[in-house]
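# Remarks on the overall topology
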Amino acid sequence: MAQTVYILNGPNLNLLGTREPETYGHATLADVEKLCREAAKRHHLAVEFRQSNHEGELIDWIHEAGAKKAAGILINPAGLTHTSVSIRDAITAVAIPVIEVHISNIFSREGFRHFSHIAPVAKASLCGFGITGYALAIDGLAATIGARGQEVSRGG
Ligand code: CA2
């Protein structure tokens, strides 16, 4: 059975594509999900794609991914990146790789976005590539866990 990657999205990311296109682009969260499913398929990974505006629900899902021994978690904690010790603690408590993803370059924005509670406990952090960052993070996770990539078809 395929290994599963949990892709967790934090508060307000349900609004993606409706406002602030200069910062977050025009793609919707549904577009992000489609991109993730395509990237994961190339590595034969199944996807649990979720979004919540509630910190506790995100924490429950991190625990769930850990308990189910998921291949890993990609998380865009959104604003909670900069405030949530509890999400950091949940990540520390699970024994699976967690990759932090941000659509925008948090270091080129306001000072309060420069600090991440998540980065020190994440396997890797990636920001500034727009929604393409999610696909890049899936490729990185797959490389980390040694997931089987798409077989290259040989001609001739
Ligand atoms: O760049 C990212 O992915 C962020 O995680 C997005 C968060 C922000 O607080 C982080 O500093 C960086 C904001 C998510 C809210 O997204 C919206 C999208 C469209 C309209 C309004 C909010």
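Scroll up to find the structure this text is about.
Attention here is on the structure that accompanies the text. (Residues numbered from 1 in each chain as written. Predicted model: local features only at pLDDT ≥ 70, side-chain atom pairs only at ≥ 80, totals over all residues. Heavy atoms only, no water.)

### Quick notes on the nonpolar core
In plain terms, the rule: Take the buried Ala, Val, Leu, Ile, Met, Phe, Trp, Tyr and Cys residues and link them wherever side-chain atoms come within 4.5 Å; each set so joined is a nonpolar core. Residue exposure (1.4 Å probe, protein chains only): buried if accessible area is under 20% of the type maximum, exposed if over 50%, otherwise partly exposed. Helix and strand definitions here come from DSSP, where helices need a minimum of 4 consecutive H or I residues and strands a minimum of 2 consecutive E residues; each element is numbered from the N-terminal end. In this analysis, two residues are considered to be in contact whenever any of their non-hydrogen atoms come within 4.5 Å of each other.
By size, the foremost hydrophobic cluster in this structure holds 28 residues, and its most contacted members are I7, V32, L74 and Y134. If you list the elements that add at least two residues to this core, you get β1 (4–9), α2 (29–42), β2 (46–51), β4 (98–102) and α5 (132–145). If we ignore the near neighbours within four places in the chain, the residues touching I7 are C36, V47, E48, F49, R50, L74, Y134 and I138. Judged by nonpolar contacts, the second largest core, of 18 residues, contains I59, I87, I96 and I118.

### As for the site of the ligand
For the record, the criterion: Any residue with a heavy atom positioned within 4 Å of a molecule or strand is treated as near that molecule or strand. The term polar contact refers here to a pair of N or O atoms within 3.5 Å; inside protein, the definition further demands a hydrogen-donor-capable atom paired with an acceptor-capable atom, and it admits residues adjacent in sequence only when both atoms are side-chain atoms. Here the open area of atoms and residues is found with the Shrake-Rupley method and a 1.4 Å probe, where only the protein chains shown may cover a residue. For this classification, Asp, Glu, Lys and Arg are treated as charged, while Ala, Val, Leu, Ile, Met, Phe, Trp, Tyr, Cys and Pro are nonpolar and the rest, including Gly, are polar.
Around the ligand, 17 residues are found, and the nearest of them are N76, H82, I103, S104 and R113. The side chain of H82 places a nitrogen or oxygen atom 2.7 Å from an oxygen atom of the ligand. The side chain of R113 places a nitrogen or oxygen atom 2.9 Å from an oxygen atom of the ligand. Surface burial for the ligand is 93%, taken as the share of its 510 Å² of free accessible area covered by protein chains. Along the lines of polarity and charge, the residues of the shell around the ligand split into 8 nonpolar, 6 polar and 3 charged.

### Some details on the sheet that holds strand β3 (residues 72–76)
In plain terms, the rule: Pairing between strands is defined by DSSP: at least two bridges between the two strands are required. In this analysis an axis means a line fitted to C-alpha atoms, helices contributing only their contacting stretch, and an angle means the value between N-to-C directions, from 0 to 180 degrees.
Strand order in the open sheet formed by 5 strands is β2-β1-β3-β4-β5, with parallel pairing between adjacent strands. Strands with a single pairing partner mark the edges of an open sheet, and in this sheet they are β2 and β5 (124–127). Each adjacent strand pair in this sheet contributes to an overall mean axis angle of 15°, direction not counted. One ladder, built from 3 bridges, connects β3 with β4; its direction is parallel. The residue of β4 that forms the bridge with I75 is E100.

### A closer look at the packing of α2 against α5
The test is simple: Oblique is the label for any angle not covered by the other classes, which are roughly parallel (under 35 degrees), roughly antiparallel (over 145) and roughly perpendicular (65 to 115). For any helix crossing, the convention is left-handed if the near helix is rotated counterclockwise from the far helix by under a right angle, and right-handed if that rotation is clockwise.
As a packed pair, α2 and α5 sit with axes 9 Å apart at the nearest point and diverge in direction by 25°. Viewed along their axes, α2 and α5 adopt a mutual orientation that is roughly parallel. Note that α2 runs across α5; the crossing there is right-handed. Across the interface between the two elements, V32, L35, C36, A39 and A40 from α2 touch T132, Y134, A135 and I138 from α5.

As far as function goes, none of this settles anything; it's purely spatial.
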